[in-house]
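# Remarks on the overall topology
One letter stands for each residue in the lines below.
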Amino acid sequence: MPDDVLISARDLTTGYGEQIIHEHLSFEVRRGEIFVVVGVSGCGKSTLLRHLIGLQQPLAGEVWLDGENLTASSGAARTRILRKFGVLFQSGALFGSLTLAENIELLLDEYTRLPQATKEVITRIKLALVNLSGYENYLPSQISGGMKKRAGLARAMALDPLLLFFDEPSAGLDPISSAELDRLILQLNTSLGATIVIVTHELASIFAVAQRVIMLDKDSKGILAEGRPADLRDHATNPVVHAFFNRELLSAAP
Amino acid sequence: MAQDFDITQTHDHRGTCLAVRGVLAVENATPALAAVRAAVASLPAGALTVDLSGLRYCDAAGAAVLCEVNRACHDTQRSLRFTGATAKVQGLLSMLNMDLLARPACLLHPPLPNVILRLGAAGLQFAADTRALLFFVEDALMALGYILLHPRAIRRRELLLYLDRVGVDAVPITMLVNFLLGVTLAFLGASQLRQFGANLYVADLVGIAMAQEIGPIMTGILIAGRSGAAFAAEIGTMKVSEEVDALEAMGFDPQRFLVMPKVLAALIAMPCLLLIATATGIIGGALVSMAFLDLTVFAYFNQVYNALTLWMIMQGMIKAVAFAVLAAGVGCMRGLQVRGGAESVGRYTTSAVVSGIFLIIIANALFTILFQYL
């Protein structure tokens, strides 16, 4: 595997029980890029994400992360792979019984042996990075949805992962918060060099951040298109891809 | 507006025409439906035209009446045409696909056709459930082993929190229930034993029953109802809000982070609760003995002291600890099985209590038989 490949999905077949969602799916995510998985609702974007982060085992095929096989790993080796990335879930998925600071410290407690004072400083740095300075002692139920997402992002970055996954980052956000999150994503990519994988169908967000997208297809259970979003918008020949990137009705023939 | 519509039939060379006039709305849909059915049934065969030019207002209920005409015509293979609709009515009609509406909606889980298949499905479900239980026990034992080897890995604050919830908060209800059970046992025993003049043995009855059987069972059931349900609901809600997914994606073992503090708290709290339960039960018996059996406090407690052996108390303790682990463990397991939304949380919380009590009763029977042979 070439050095610049960070994630590689190899011949992935996924599904629940007898229902197959993806078949023979293969793609690669390169180091340092912003990679976006798009597709119409129900095409299995979130399912693919759950496979990439190891929450679900594929029916066949493998997911390789930074040169290690996530699918076949277990125990301590798996934990080591999981530590390499952070995930921002759709609603933040903060632990409701812990404050924002404790949500982040939980990771530091588990994976580092730093003194308490250092952990506190790191926590404050992470929260400041997402504009949540001063909210250390708030509980997740006391802050707004957009703040929860940002706090979830701070937690995802707690261990300085080289890879970040985002599940529908702009879902449920107002346009301003959504744009702020886009800017933050770009910032993380350019300043920290983080590789970013996003699952979304929010066009504005896709055009703002994506360097490369793959579009999943519900019917063929595979990849419908791959490329830069602007290219797909202007030059796609497949009617579904064209309609998706131009926000048009599918029946409107050119 | 009871009957704001009327239906008239006319016949010409092109076929039959039904003219609908007035209003078709929620308020008069029921009589309208009956009238339409009667009209269509009485028609001669051939093409049907429905003239809507006199229809002033039509809502979704009215549209349902028109759909009924469509369905009736479809069933009798008669061609149907709507004509003359005003702009408003036409707007509504243009958004309806009547043929699609006439088809039955698809069922996600079609009911199984016969009893044998249903029994088979239930059997498979039971097998899957048992398998899940065994996997859960395996995971839990692994997590327990890890905790025993690395005692620092347990989050002490969580453990203390759950000790408070499972143990301290349960003290009042444990005392009340077991006190009344002690009173009941003493009354029951007294009415029988008095016939033989064996009043004093009420103390033996209450003491042994509370320490060995009733105390552990009642306290176990209280834990299943209070804490098993709470654990299932808590973990289930975390499952719904993706918090469990987040834990797993962070490389944390949900068994170790969610299940162990709760099960350990139940395990530690239970012997203390059982001591309190047994003591209050015996005190309840003492009050009855003094009031109705003319026993002195000293005689009663002396008799309890002589009747109870350390082994009897140990038996109760062993049972109690097992019950606590079962009730708390099955509560956590049900919580982790939650899929979907609020309805699922409710279902698995119920299941946590039912399975908890079931397991406690089974385990109690097994222990009682086992201890007979020790």
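Cut-off values and rules
- Residues numbered from 1 in each chain as written.
- Chains lettered and ligands numbered in written order.
- Predicted model: local features only at pLDDT ≥ 70, side-chain atom pairs only at ≥ 80, totals over all residues.
- Helix = DSSP H or I, 4+ residues; strand = E, 2+ residues; numbered from the N terminus.
- Rg over C-alpha atoms; globule rule 2.2 N^0.38 Å.
- Buried ≥ 20, exposed ≤ 12 C-beta atoms within 10 Å, placed from the backbone.
- Contact = placed C-beta atoms within 7 Å.
- Nonpolar A, V, L, I, M, F, W, Y, C, P; charged D, E, K, R; others polar.
- Axes fitted to C-alpha atoms, helices over the stretch in contact; angles between N-to-C directions.
- Parallel < 35°, antiparallel > 145°, perpendicular 65-115°, else oblique.
- Expected span 1.5 Å × (residues − 1).
- Arc of directions from axis to C-beta.
- Pairing = 2+ DSSP bridges.
- Right-handed = clockwise from strand over helix to strand, strands pointing away.
- pLDDT = per-residue confidence, 0-100.
- Left-handed = near helix turned anticlockwise from the far one by under 90°.

## Examining the overall build of chain B
What chain B contains, in helices and strands, is 13 helices and four strands. Computed over C-alpha atoms, the radius of gyration of chain B comes to 35 Å, more than 25% over the 21 Å expected from 2.2 N^0.38 for 374 residues, which places it beyond the range of a compact globule. Here the C-alpha coordinates of chain B stretch approximately 110 × 60 × 40 Å along the principal axes. With 374 residues in all, chain B has 36% of them scored as buried. For chain B, restricting intrachain contacts to residue pairs at least 6 apart in sequence, the fraction spanning at least 24 positions comes to 84%.

## Description of the interface of chain A and chain B
Each side of the interface is counted separately: chain A has 13 residues, and chain B has ten residues. Looking at the side of chain A that touches chain B, the elements that each hand over two or more residues are helix 2 (75–82) and helix 3 (100–111) of chain A. Split by residue class, the side of chain A that touches chain B holds eight nonpolar, three polar and two charged.

## Focus: the environment of A:Glu120
Within the secondary structure, A:Glu120 sits in helix 4 (residues 116–129). Along the backbone, A:Glu120 and A:Ser178 are 58 residues apart, and their C-alpha atoms lie at a distance of 28 Å.

## Section: the packing of helix 5 (residues 115–149) of chain B against helix 10 (residues 254–292) of chain B
Residues and elements named next belong to chain B. Closest axis-to-axis distance for the helix 5/helix 10 pair is 9 Å, and the angle between their directions is 85 degrees. Relative to helix 10, the element helix 5 is oriented roughly perpendicular. In this structure, helix 5 uses Asp 139, Ala 140, Ala 143, Leu 144, Tyr 146 and Ile 147 to contact helix 10, whose residues at the interface are Gln 255, Arg 256, Val 259 and Met 260. Residues belonging to the contact of helix 5 with helix 10 are distributed by class as follows: seven nonpolar, one polar and two charged.

## Some points on unusual backbone geometry
All names here are of chain A. Residue Asn 131 is not a glycine yet carries a positive backbone phi of 60 degrees. As for its position among the elements, Asn 131 is in the loop between helix 4 and helix 5 (145–156). The backbone of Glu 168 sits at a positive phi, close to 45 degrees, despite the residue not being glycine. You can call Glu 168 buried: it has 21 C-beta atoms within 10 Å.

## Description of helix 4 of chain A
All names here are of chain A. With 14 residues, helix 4 should cover 20 Å at 1.5 Å per step; its first-to-last C-alpha distance of 20 Å lies within 8% of that length. Looking at helix 4, one finds that the buried residues are Thr 123, Lys 126 and Leu 127. When helix 4 is viewed along its axis, its buried side chains cluster within an angular range of 95 degrees and face the same direction. Residues of helix 4 that are exposed and point over 90 degrees away from its buried face: Ala 117, Thr 118, Val 121 and Ala 128. Those residues of helix 4 that are buried are in contact with helix 3 and helix 5.

## Thoughts on the sheet that holds strand 2 (residues 19–30) of chain A
Residue and element names in this part refer to chain A. With respect to topology, four strands assemble into an open sheet ordered 2-1-4-5, the strand pairing being antiparallel. Lying at the two open borders of the sheet, with one neighbouring strand each, are strand 2 and strand 5 (68–69). Bridge analysis of strand 4 (residues 60–65) against strand 5 gives two bridges, and the strand direction is antiparallel. Opposite Trp 64, over in strand 5, you have Asn 69 as the bridge partner.

## Overview of the environment of A:Asp167
All names here are of chain A. Tracing the backbone shows Asp 167 in strand 7 (residues 163–167). Asp 167 gets classed as buried once you count the C-beta atoms within 10 Å, which come to 23. Non-local contacts of Asp 167, meaning those with residues more than four positions away in its chain, are made with Ser 46, Leu 49, Leu 88, Phe 89, Gln 90 and Val 199.

## Let's talk about the pairing of strand 8 (residues 195–199) of chain A
All names here are of chain A. Here strand 8 lies mainly inside the structure; five of its five residues are buried. The alternating pattern of strand 8 places Thr 195, Val 197 and Val 199 on one face and Ile 196 and Ile 198 on the opposite face, and all of these are buried. Read as a crossover between parallel neighbours, the route from strand 7 over helix 6 (residues 175–192) to strand 8 is right-handed.

## What to know about the confidence of the model for chain B
In the predicted model, chain B carries a mean pLDDT of 88, and 99% of its residues have values of at least 70. Overall fold confidence for the complex sits at a pTM of 0.80, while the interface term, ipTM, reaches 0.85.

## Some words on the sheet that holds strand 6 (residues 85–88) of chain A
All names here are of chain A. Sheet architecture is open: six strands sit in the order 6-7-8-3-9-10, paired in mixed fashion. The sheet is open, and its two edges are formed by strand 6 and strand 10 (223–227), each paired on a single side. The sheet shows a mean angle of 15 degrees between the axes of neighbouring strands, taken without regard to direction. Bridging between strand 3 (residues 34–38) and strand 8 involves four bridges; their strand directions are parallel. Its bridge partner being in strand 8, Val 36 is matched across the sheet by Ile 198.

## Topic: the environment of B:Arg21
When you line up the elements, B:Arg21 lands in strand 2 (residues 15–24). When sequence neighbours within four positions are dropped, the list of residues in contact with B:Arg21 reads B:Phe5, B:Asp6, B:Gly54 and B:Leu55.

## What to know about the pairing of strand 4 (residues 80–83) of chain B
Residue and element names in this part refer to chain B. Note: strand 3 (residues 48–58) against strand 4, four bridges, orientation parallel. Paired with Leu 48 across the two strands is Leu 80, which belongs to strand 4. Considered for its hand, the β-α-β crossover made up of strand 3, helix 2 (residues 60–75) and strand 4 is right-handed.

## Quick word on the packing of helix 10 of chain B against helix 11 (residues 297–307) of chain B
Residue and element names in this part refer to chain B. Between helix 10 and helix 11, the shortest axis-to-axis distance is 10 Å and the interhelical angle comes to 140 degrees. The pairing of helix 10 with helix 11 is recorded here as oblique in orientation. Once helix 10 is placed against helix 11, the crossing between them reads as right-handed. Facing helix 10, whose interface residues are Ile 282, Ala 286, Ser 289 and Met 290, helix 11 presents Val 297, Tyr 300, Phe 301 and Val 304. Tallied by class, the residues present in the contact of helix 10 with helix 11 amount to seven nonpolar, one polar and no charged.

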